There are 2 protein chains.
Amino acid sequence: MSQSPSRLQPTVRTQLKRLPKRGRYETEQIYQILDEALVCHVGFAVEGQPYVIPTAFGRIGDRLYLHGSPASRLLRSLQAGIEVCVTVTLLDGLVLARSAFHHSMNYRSVVVFGTATVVEPIAEKVIALKAFTDQVVPGRWDELRSPTEAELNGTLVLSIPLSEASAKVRSGPPIDDPADYALPIWAGEIPLRLTAQSPIADPQLATASVIPDSVQNYQRG
Amino acid sequence: MSQSPSRLQPTVRTQLKRLPKRGRYETEQIYQILDEALVCHVGFAVEGQPYVIPTAFGRIGDRLYLHGSPASRLLRSLQAGIEVCVTVTLLDGLVLARSAFHHSMNYRSVVVFGTATVVEPIAEKVIALKAFTDQVVPGRWDELRSPTEAELNGTLVLSIPLSEASAKVRSGPPIDDPADYALPIWAGEIPLRLTAQSPIADPQLATASVIPDSVQNYQRG
């Protein structure tokens, strides 16, 4: 049997109507984009009023995890089981065309639709907290002191299935109007990267602390 | 009379309930964050279903401008005058604490609430399109061929007032539990920057094209 890559079925919400060639439904590509991102934007509506909140997240298999204080408006709203839209955007470059009209950006984004459920079992909560930490700095979890029972109780963890999701990708040079290519205007791409600068040690660092390689040589993407 | 900086009145929607010390309402700081960003995340709800779409934007004075194809779901929905939430997030660093619980991020974000109106006058539309282009590469507009009437008619421009907005800022080292400072765990910040790589010329570049200084030495923030 041939091994075909896993692909999500487009739905009314995830099917791209405009520029459909930018749409991607392979889970491998969706997961890669999610795993490279540090922040997602979570959208939800309360009585027609939309909210968009930036927050950290983690992924384990085909589920996305969010966490925070049980007092946060975001988590309080989501745990009621309302519809949520989670969007992740990686900006790869600025696309400079000969006309303003054809200026664009190169990017990889993922949109996830679904409803969140509260993660109750302590064991699953710990695994999700590890995913949040390792999403930011791979391997970081193993360097830390273990979470206390009070911390676990004080953290609300929500889980969203990655069953209704799609990615959108643009790459490459600008697409100009045919007549404009003759113009003496510079056109092309300015690639962008999220780069780590030298780590700044906490002023209250214990003298025995050694900077781990994962921090010293931190890289993204 | 003393010149006090302009400050927005917090509303039920923009008042930070948790971590209120991170809240900022001075327009100068809100505008700075908006002007440094390349992408915003626009949230809206249609029959309770939230959508969060990443898109470019521009600012002129106390108004935010969005644009796109009149066929896009985003713009079609917004021009009906529904409530919108626009969020901009600048990620400044990863905050590594001694416990997973106190890991955080340094960031500057802005949330804007309001309703969008369609920009009809061609003159205002042109000024908004200039703002979109110059938001990405300052001065770029003046290097381009002028927009055609067909392009102007084919671009929907929406305007959102910046009257109900707030910023949220975190900076500095981690805040750990007092007992944890003695642990021999490295803690501190990994600063992050969106950096421009060397520009890539369009393979179809006209030979007379010279790369402008704004592109050659592009920097953000």
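The name that an unreviewed UniProt entry assigns to chain A is Pyridoxamine 5'-phosphate oxidase family protein, with the source organism given as Almyronema epifaneia S1.

Student: Describe helix H1 (residues 27-36) of chain A, and please don't skip the residues or the numbers.
Tutor: Because each turn of an α-helix spans 3.6 residues, side chains separated by three or four positions in sequence point in the same direction. All buried positions along H1 of chain A are accounted for by Thr27, Ile30, Tyr31, Ile33 and Leu34 of chain A. The arc that holds the buried residues of H1 of chain A, viewed along the axis, is 160°, so those residues lie on one side.

Student: Can you explain the pattern of salt bridges? Please cite residues and give values.
Tutor: In this structure the tally under the stated criterion is 26 salt bridges over all chains. When the shortest N-O distance is used, the salt bridge between Asp202 of chain A and Arg98 of chain B registers 2.6 Å. Residue Asp202 of chain A is found in the loop between strand S12 (200-201) and helix H5 (213-216), and its partner Arg98 of chain B is found in the loop between strand S6 (83-96) and strand S7 (104-115); the two belong to separate chains. Taken together, the shared-partner salt bridges in this structure form one network comprising Arg145 and Glu151 of chain A together with Asp177 and Asp180 of chain B.

Student: Which residues make up the sheet that holds strand S4 (residues 58-60) of chain A, and what values go with them?
Tutor: Residue and element names in this part refer to chain A. Pairing is antiparallel in the open sheet, where 4 strands are placed in the order S4-S5-S9-S8. This sheet does not close on itself; its edge strands, each paired only once, are S4 and strand S8 (117-118). In this structure, strand S5 (residues 63-68) lies alongside strand S9 (residues 156-161), joined through 6 bridges in antiparallel fashion. Considered in S9, the bridge of His67 is made with Val157.

Student: How would you explain the relation of the copies chain A and chain B if you had to name every residue and give the values?
Tutor: Expressed as a screw operation, the relation of chain A to chain B combines 0.0 Å of axial shift with a rotation of 180°, fitting to an RMSD of 0.0 Å. In short, the pair behaves as if placed about a two-fold rotation axis. Residue Leu194 of chain A of chain A places its C-alpha closer to the rotation axis than any other residue of that unit, at 2.2 Å. Taken as a fraction of all interface residues of chain A, those also at the interface in chain B reach 100%, which identifies the copy contact as same-surface.

Student: Help me get a handle on the side chain of Glu151 of chain A, residues and values and all.
Tutor: By the element assignment, Glu151 of chain A lies in helix H4 (residues 149-153). If sequence neighbours within four positions are ignored, Glu151 of chain A has contacts with Arg145 of chain A together with Ser99, Phe101 and Asp177 of chain B.

Student: How would you explain the packing of aromatic side chains if you had to name every residue and give the values?
Tutor: On inspection of all chains with the given rule, the structure shows 4 aromatic pairs over all chains. Plain terms: the ring middles of Tyr51 of chain A and Phe113 of chain B are 5.5 Å apart, the flat faces sit at 75° to each other, and that makes the pair edge-to-face. On the criterion of chain membership, the pair formed by Tyr51 of chain A in strand S3 (residues 49-55) and Phe113 of chain B in strand S7 is interchain, its members lying in two chains. As far as the burial class goes, Tyr51 of chain A and Phe113 of chain B line up, both buried. Seen from their ring centres, Phe44 of chain B and Tyr51 of chain B are 5.4 Å apart, and the 20° between their planes marks the pair as stacked. Judged by relative accessible area, Phe44 of chain B falls into the buried class, the value being 1%. Each member of the aromatic cluster is reached from another via a ring pair, and the members are Phe44 and Tyr51 of chain A together with Phe113 of chain B. Sitting above the plane of the Tyr31 of chain A ring, Arg59 of chain A keeps its charged end 4.1 Å from the centroid.

Student: Describe helix H3 (residues 122-136) of chain B, listing the residues and the values that go with them.
Tutor: Between the first and last C-alpha of H3 of chain B there are 22 Å, a value that for 15 residues agrees with the 21 Å anticipated at 1.5 Å per step. Within the span of H3 of chain B, buried status applies to Lys125, Ala128, Leu129, Ala131, Phe132, Thr133, Asp134, Gln135 and Val136 of chain B.

Student: Please provide a residue-by-residue account of the interface of chain A and chain B, values included.
Tutor: With 88 residues of chain A at the contact, the number on the chain B side is 88 residues. For the chain A and chain B pair, buried surface summed over both sides reaches about 7300 Å², with 66% attributable to carbon and sulfur atoms. The largest share of the area that chain A buries against chain B comes from Val52, Arg145 and Trp186 of chain A, three residues that together contribute 10% of it. Where chain A touches chain B, the interface holds 36 residue pairs in polar contact (both at pLDDT 80 or more). At the level of secondary structure, the elements contributing two or more residues to the side of chain A that touches chain B comprise strand S2 (40-46), S3, strand S6 (83-96), strand S7 (104-115), helix H3 (122-136), strand S11 (188-196) and S12 of chain A. Top contributing element to the side of chain A that touches chain B by residue count: S11 of chain A, with 9 residues. Considered class by class, the residues forming the side of chain A that touches chain B number 53 nonpolar, 20 polar and 15 charged. Pairing geometry for S12 of chain A and strand S11 (residues 188-196) of chain B, over 2 bridges, is antiparallel. Looking at S11 of chain B, one finds that Ile200 of chain A is bridged to Glu189 of chain B.

Student: Account for the sheet that holds strand S8 (residues 117-118) of chain B, with residues named and values stated.
Tutor: All names here are of chain B. Taken in spatial order, the 4 strands of this open sheet run S4-S5-S9-S8, and their pairing is antiparallel. Two strands close off the open sheet at either side, each with one partner strand: strand S4 (58-60) and S8. Taken together, the 2 bridges between S8 and strand S9 (residues 156-161) define a ladder with antiparallel strand orientation. Of the residues in S9, the one forming a bridge with Thr117 is Ser159. Running at roughly 125° to S4, H3 makes contact with S4, strand S5 (63-68) and S9 of the sheet.

Student: Break down the environment of Ser109 of chain A for me, with residues and values.
Tutor: With respect to the element layout, Ser109 of chain A can be found in strand S7. Those residues in contact with Ser109 of chain A that lie beyond four places of it in its chain are Ile33, Val88, Thr89, Ser166, Ala167 and Lys168 of chain A together with Pro54 of chain B.

Student: Go over the pairing of S5 of chain B, please, and point to the residues and values.
Tutor: Residue and element names in this part refer to chain B. Sheet analysis places S4 next to S5, joined by 3 bridges and oriented antiparallel. Counterpart to Arg59 in the pairing with S5 is Leu64. Between S4 and S5, which pair antiparallel and follow one another directly, the connecting turn spans 2 residues, one of which, Gly61, has a positive phi of 55°.

The rules behind each value
Residues numbered from 1 in each chain as written. Chains lettered and ligands numbered in written order. Predicted model: local features only at pLDDT ≥ 70, side-chain atom pairs only at ≥ 80, totals over all residues. Heavy atoms only, no water. Buried < 20%, exposed > 50% of the residue type's maximum accessible area, 1.4 Å probe, protein only. Helix = DSSP H or I, 4+ residues; strand = E, 2+ residues; numbered from the N terminus. Arc of directions from axis to C-beta. Salt bridge = Lys/Arg side-chain N within 4 Å of Asp/Glu carboxyl O. Pairing = 2+ DSSP bridges. Least-squares fit on C-alpha atoms with pLDDT ≥ 70 in both. Contact = heavy atoms within 4.5 Å. Phe/Tyr/Trp six-rings, centres within 6.5 Å; stacked < 30°, edge-to-face > 60°. Lys NZ or Arg CZ within 6 Å of the ring centre and 35° of its normal. Expected span 1.5 Å × (residues − 1). Buried area = accessible area lost by both parts, 1.4 Å probe. Polar contact = N/O pair within 3.5 Å; in protein donor to acceptor, adjacent residues only side chain to side chain. Nonpolar A, V, L, I, M, F, W, Y, C, P; charged D, E, K, R; others polar. Axes fitted to C-alpha atoms, helices over the stretch in contact; angles between N-to-C directions.

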